[in-house]
Protein chains: 2
Amino acid sequence: MKIDVQLTTARKQKPASDQLVFGKTFTDHMFIMDYTAGTGWHDARIVPYQPITLDPASTVFHYGQTVFEGLKAYMTKDEQILLFRPEKNMQRMNRSNDRLCMPHIDEEFALEGLKQLITIERDWIPTAEGTSLYIRPFIIATEPYLGVSPSKRYQFIIILSPVGAYYKEGINPVKIAVENQYVRAAVGGTGNAKTAGNYAGSLKAQEVAEAAGYSQVLWLDGKEKQYIEEVGSMNIFFKINGEVVTPALNGSILEGVTRSSIIELLQHWNIPVTERRISIEELYQAYKEGLLEEAFGTGTAAVISPVGELFWNGEKLIINDGKTGELSTKLYDTLTGIQTGKVEDPFGWTVRVLENRVSI
Amino acid sequence: MKIDVQLTTARKQKPASDQLVFGKTFTDHMFIMDYTAGTGWHDARIVPYQPITLDPASTVFHYGQTVFEGLKAYMTKDEQILLFRPEKNMQRMNRSNDRLCMPHIDEEFALEGLKQLITIERDWIPTAEGTSLYIRPFIIATEPYLGVSPSKRYQFIIILSPVGAYYKEGINPVKIAVENQYVRAAVGGTGNAKTAGNYAGSLKAQEVAEAAGYSQVLWLDGKEKQYIEEVGSMNIFFKINGEVVTPALNGSILEGVTRSSIIELLQHWNIPVTERRISIEELYQAYKEGLLEEAFGTGTAAVISPVGELFWNGEKLIINDGKTGELSTKLYDTLTGIQTGKVEDPFGWTVRVLENRVSI
Ligand SMILES: Cc1ncc(COP(=O)(O)O)c(C=O)c1O
Ligand SMILES: Cc1ncc(COP(=O)(O)O)c(C=O)c1O
C-alpha cells in the first residue's frame, strides 16, 4: 500500500524542552488508515494533525471497541533516530485486536508508516537529557451502528507527542497504595489487552489513592484479591533476598515491553529472575524479615520507577529506606542508555529510522 | 439552562416500519450539551443529526471514559408519546458516572432535553405493533490529553433510532450458551456501570457462541465462575418450582430497569420472587429434577426474551419444551401493554411527553 503524504502549510511552534508535559502537545502530522470489512486496510496517509469526524453512533463511543499502544523515539547524540523494540508493540497491538474482535494490522506496514511519520516530524524529537518523542498508535471502531457486535469499520491512527524528562531531579521513588476494593481485571477479561476499558475502570481507584497521597495503586488479582498483578501503567518487580521476582503473565496482566526487556537484561547479567505468582502476604512477610530489598515498576513512560513506600492494610512498608536501589539504578541507566544509543545494545533492540523515505 | 434549537433544513426519508433495523437509522436531530471542569454543563442545544468532531487525543478514544443509557418512547393508539420510567435511566447514568469519575448530569434537565428532542422528532416514532423509538443518551470524554486521569471535558449527547418489532412472528425463545472461559465483569470492576468497556470485552465470547449457533452467552461470576450473572444485554430470571429467582445485585451485574419492573410486577401479583445468588450447578440440578419451569431474559430491547435452550458443560438444557412459558407471556403482555398505554399502569411508570414545549 502506498502512503499518501499531505504536508501542513502551518507548522506549530515547538515548546521548549523544559516546558514539555506528557501527552498535551502534538506534532504537525498524523498517520491514518481506514479499514472496511471485505476490503481490509486502505487509504494509508500522512496528513496534518487534525480532528477526527465520526458519526455519533460510532461503535467506539458506545461499546469501546478500541486498542492502543505506547512507545518512544529517541534522538541520539549523533542525530540518529532510534525506536525501542517497536515490533513488540505492533505484535501486542495484534494480540489486543484478537481479544477485542478487531482486524489485524500488517505489523511491518504499520511500522513503515510510523517511520515515515517520524521522519517528517524529525524536528519535533526533543534532544535534551531524558526527553523523547512519545508515539501513540491506536485503532477505533467507527461503524455507525448501535448493535452490540464487532464494527465493520475502523481507523488506525498514529499521533506523536514530545515528552520531557520523567525525572527532572534524578530518578525518584514513588509511593504506591495496594488496592483492596477495586479490581482492574479478571482472568477471562481484557486485562492482557491494551484497550480503553481497562483504563476507564482504573480511574476511580487512582482517584482514591491520590487523595490519600499515593501516586498509583498496586492491583491485586480479580479473583482472590491476594496476588500481585501490576501498577497503573507499569509492571512490577521485587528484589527479595537477592532474587528478582515479577508476577507471571496469568491472562489479566499486560505484557510490558519494558518488563520483557528487564527480564532479558537480568538474565544476561546472571541475576536470578523469576516470573511467578506472588501474594501480597508473601511480600509483607519478606518485608518483615528484612528481605525485601527493592521494588520498582517498569513501563515505557518512566522506564524504571522505584517504589519507596507501599501502603497495605493500614501499614506503610518503607522499601530500601525510601531511596532508589542499586539494581533499579543500574537497570535504569542501562536501559535508557541502550534506548538513547549511549550504551551498546547487545540485544539488537533498537531500530534506526533511516531518513531516505520521503523528500520534504 | 436554555436549550437552543436549530432545526434541519433537509429532513431525511423515514424508513417503512417493516424495514426498521435496530440502531442503524437515526432521526433528523440530536441533543448535545458540553461539560467543562470549573464551568459545569453548558451550551445545551438541539441540532441537526451530525458527525462529532474530536481531537484524536481525546480521552474517549484512549481510555474509554464513557457511559450510556438505553430506553424507548412509544406512540399510543390515541397518539400520546410515552416514556417508560425514564428517571431510572437518568439515575443509573449518574451511578455509572460515579464509577467512571465522570460529572453528574442534572437528571431532570436531561429528561427535559430528551422530551424536547422527542417532541421535535414526533413523526419519527413508528406506530406499528411492537415498534418504538429507541433513545440512546451517552457521555464521552473529550479532553485532548494522553495522561491517564479523568477528562476535564465531556459531551452529553442523545440520539434517536426508530426500531422495528423485536418479535416479528410472536414472542420467540432464544438459545443461550453458558460462558466458561471469558468473564464480563468482576466485583470491584465496572460491571454494574453502563460503560463501553464492558461491551467491548464481551464481543469475543459472543462471537464464539454465535459460531456455535447460540444467540447470546449467559455470564457467570468473575471470581468462581459458578454463579449466574446476566446475559449479553439482559438480566436473567428463572422460574423454579413455582418461585421466580433472579441473581442478586452483587456489584458486577447491571441493574436493569426491566428487571426492577418485573420484580415489582411479580410482587404485585403475589408471585414469589427472590433476588439471590444462584449457581449454574443449582440450576442444573433443578432442571434434572424437572423443577426448572421457565427462563427468560429482561431488557429494554426485547422486554422479555424467553430462553428455550441453555447449553452448559456439553449438555443442552431444554426449558419448557423450548416454548415460551405462561409466565413469560403474561409478563411480556403486561409490560409491553403498560409501555404502550394499552394496559392500565397501576405503578405510575409511564411518563407522558407533553407537546407544548417547542414551536416548530
Ligand atoms: C496496564 C499497563 N501495564 C504495564 C505497562 C507497561 O508496558 P510497557 O513496558 O510496554 O510500556 C503499561 C504501559 O504501557 C500499561 O498500560
Ligand atoms: C449488560 C446489561 N444487562 C442488563 C440490561 C437490561 O437493562 P434494562 O432493563 O435497563 O434495559 C442491559 C441493557 O440495557 C445491559 O446492557
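Residues numbered from 1 in each chain as written. Chains lettered and ligands numbered in written order. Predicted model: local features only at pLDDT ≥ 70, side-chain atom pairs only at ≥ 80, totals over all residues. Heavy atoms only, no water.

Per an unreviewed UniProt entry, chain A is named Branched-chain-amino-acid aminotransferase, and its organism is Peribacillus saganii. Of the comments in the UniProt record for chain A, the one headed Cofactor (unreviewed entry) reads "pyridoxal 5'-phosphate". Quoted straight from UniProt, the Sequence similarities (unreviewed entry) entry for chain A says "Belongs to the class-IV pyridoxal-phosphate-dependent aminotransferase family." (UniProt positions renumbered as here; feature names shortened; annotations may be inferred.)

Draft legend 1. Geometry of the overall build of chain A. A tally of regular secondary structure across chain A gives seven helices and 19 strands. Here the C-alpha atoms of chain A give a radius of gyration of 21 Å, agreeing with the 21 Å that 2.2 N^0.38 yields for 360 residues. The buried share of chain A, taken over its 360 residues, is 60%. For chain A, the proportion of contacts with a sequence separation of at least 24, taken over those separated by at least 6, is 70%. Here chain A displays about 14000 Å² of accessible surface, and carbon together with sulfur accounts for 45% of that area. (Helix = DSSP H or I, 4+ residues; strand = E, 2+ residues; numbered from the N terminus. Rg over C-alpha atoms; globule rule 2.2 N^0.38 Å. Buried < 20%, exposed > 50% of the residue type's maximum accessible area, 1.4 Å probe, protein only. Contact = heavy atoms within 4.5 Å. Areas by Shrake-Rupley, 256 points an atom, 1.4 Å probe, with all protein chains shown as cover.)

Draft legend 2. Inspection of the relation of the copies chain B and chain A at higher detail. Overlay of chain B on chain A (RMSD 0.0 Å): rotation 180°, translation along the axis 0.0 Å. What the superposition gives is, in effect, a two-fold axis relating one chain to the other. Interface residue correspondence from chain B to chain A reaches 100%, placing this contact among same-surface, isologous pairings. (Least-squares fit on C-alpha atoms with pLDDT ≥ 70 in both.)

Draft legend 3. Representation of the nonpolar core. Counting residues in each nonpolar core, the largest one holds 42 residues, and the members touching the most others are Phe61 and Ile159 of chain A together with Phe61 and Ile159 of chain B. When neighbours within four sequence positions are excluded, Ile159 of chain A is seen to be in contact with Phe26, Met30, Tyr49, Tyr134, Ile135, Arg136 and Phe138 of chain A together with Pro56, Ala57, His62 and Leu146 of chain B. (Core = buried A, V, L, I, M, F, W, Y, C linked by side-chain atoms within 4.5 Å.)

Draft legend 4. Focus on unusual backbone geometry. Even without a glycine there, the phi angle at Asn313 of chain A is positive, about 55°. One non-glycine residue, Asn320 of chain A, lies in the positive phi region at around 50°.

Draft legend 5. Up close: the site of ligand 1. Residue and element names in this part refer to chain A. If you check the shell around ligand 1, you find 16 residues, and the closest are Lys194, Tyr199, Glu230, Thr258 and Thr300. Between Arg92 and ligand 1, the recorded distance is 2.9 Å, taken from a side-chain N or O atom to an oxygen atom. Between ligand 1 and Lys194 there is a distance of 2.7 Å, counted from an oxygen atom to a side-chain nitrogen or oxygen. Against a free-state accessible area of 380 Å², the protein chains account for coverage of 96% of ligand 1. Looking at the shell around ligand 1, the elements with two or more residues in it are α5 (257-268) and β16 (292-299). Across the shell around ligand 1, the residue classes tally to four nonpolar, eight polar and four charged. (Near = heavy atom within 4 Å. Polar contact = N/O pair within 3.5 Å; in protein donor to acceptor, adjacent residues only side chain to side chain. Nonpolar A, V, L, I, M, F, W, Y, C, P; charged D, E, K, R; others polar.)

Draft legend 6. Region of the structure containing the confidence of the model for chain A. A residue-level look at chain A finds 99% of positions with pLDDT of 70 or above and a mean pLDDT of 96. Among the scores for the predicted complex, ipTM is 0.97 and pTM is 0.97. (pLDDT = per-residue confidence, 0-100.)

Draft legend 7. Structural view of the site of ligand 2. All names here are of chain B. Near ligand 2 you find 16 residues, and of these Lys194, Tyr199, Glu230, Thr258 and Thr300 are the closest. Contacts to ligand 2 include Tyr199, whose side-chain N or O atom sits 2.5 Å from an oxygen atom. Within the side chain of Glu230, an N or O atom sits 2.5 Å from a nitrogen atom of ligand 2. Burial of ligand 2 by the surrounding chains reaches 96%, relative to a free accessible area of 380 Å².

Draft legend 8. Examining the UniProt feature "modified residue: N6-(pyridoxal phosphate)lysine" (unreviewed entry) in chain A more closely. Residue and element names in this part refer to chain A. Feature annotation in UniProt assigns "modified residue: N6-(pyridoxal phosphate)lysine" (unreviewed entry) to the following positions: Lys194. Structurally, Lys194 is set in the loop between β10 (174-178) and α4 (196-211). Classification of Lys194 by relative accessible area gives buried; the value is 10%. Excluding residues that lie within four positions of it along the chain, Lys194 makes contacts with Thr66, Val67, Phe68, Glu69, Gly70, Arg92, Ser96, Tyr199 and Leu254.

Draft legend 9. Spatial organisation of the interface of chain B and chain A. In this complex, chain B contributes 58 residues to the contact, which on the side of chain A involves 58 residues. Both faces considered, chain B and chain A share a buried interface measuring about 4800 Å² in area, 66% of it formed by carbon and sulfur atoms. Here chain B and chain A share zero salt bridges between them. Seen at the junction of chain B and chain A, the total is 21 residue pairs in polar contact (both at pLDDT 80 or more). Sorting the residues of the side of chain B that touches chain A by element identifies β4 (52-54), α1 (59-63), β5 (66-68), α2 (86-99), β8 (132-141) and α4 (196-211) of chain B as the ones contributing at least two each. No other element matches the nine residues that α4 of chain B contributes to the side of chain B that touches chain A. (Buried area = accessible area lost by both parts, 1.4 Å probe. Salt bridge = Lys/Arg side-chain N within 4 Å of Asp/Glu carboxyl O.)

Draft legend 10. Seen up close, α5 of chain A. Residue and element names in this part refer to chain A. For α5, with twelve residues, the first-to-last C-alpha span of 16 Å sits near the 16 Å given by 1.5 Å per residue. In terms of burial, α5 is a largely internal element, nine of the twelve residues being buried. Looking one or two residues beyond α5, the residue adopting positive phi is Asn270, at roughly 60°. (Expected span 1.5 Å × (residues − 1).)

Draft legend 11. Local environment of the pairing of strand β6 (residues 71-75) of chain B. Residue and element names in this part refer to chain B. For β6, a buried count of five out of five residues is recorded, marking the element as mostly surrounded by other parts of the structure. Of the two faces of β6, both are covered, the one formed by Leu71, Ala73 and Met75 as well as the one formed by Lys72 and Tyr74. Bridge count between β6 and β8: three bridges; the pairing is antiparallel. Each residue of the ladder has a partner; that of Leu71, found in β8, is Ile135. Bridge count between β6 and strand β7 (residues 81-84): three bridges; the pairing is antiparallel. By the bridge assignment for β7, Met75 is matched with Ile81. Between the end of β6 and the start of β7, which pair antiparallel, lie five residues, with Glu79 showing a positive phi angle near 65°. (Pairing = 2+ DSSP bridges.)

Draft legend 12. Representation of the packing of aromatic side chains in the model. Tallying each qualifying case throughout the model produces 37 aromatic pairs over all chains. Each member of the aromatic cluster is reached from another via a ring pair, and the members are Phe31, Tyr35, Trp41, Phe109, Tyr154 and Phe156 of chain A. Directly above the aromatic system of Tyr227 of chain A lies the positively charged group of Arg277 of chain A, at a separation of 3.8 Å from the ring centroid. Of note, Lys14 of chain B hangs over the ring of Trp124 of chain B, and the distance from its end group to the ring centre comes to 4.9 Å. (Phe/Tyr/Trp six-rings, centres within 6.5 Å; stacked < 30°, edge-to-face > 60°. Lys NZ or Arg CZ within 6 Å of the ring centre and 35° of its normal.)

Draft legend 13. Region of the structure containing the pairing of strand β3 (residues 40-48) of chain A. All names here are of chain A. With two bridges joining them, strand β1 (residues 4-5) and β3 adopt parallel strand pairing. From the neighbouring strand, Asp4 faces β3, where its bridge partner is Arg45. One ladder, built from seven bridges, connects strand β2 (residues 29-36) with β3; its direction is antiparallel. Pairing of Met30 across the sheet is with Val47, part of β3.

Draft legend 14. The arrangement of the pattern of salt bridges in detail. Residue and element names in this part refer to chain A. If you walk through the whole model with that rule in mind, you get 28 salt bridges over all chains. Two residues, Lys204 and Glu207, come together in a salt bridge whose shortest N-O distance is 4.0 Å. On the criterion of helical spacing, the pair formed by Lys204 and Glu207 is a turn pair, its members being three residues apart in helix α4. Assessed through its relative accessible area of 18%, Lys204 is described here as buried.

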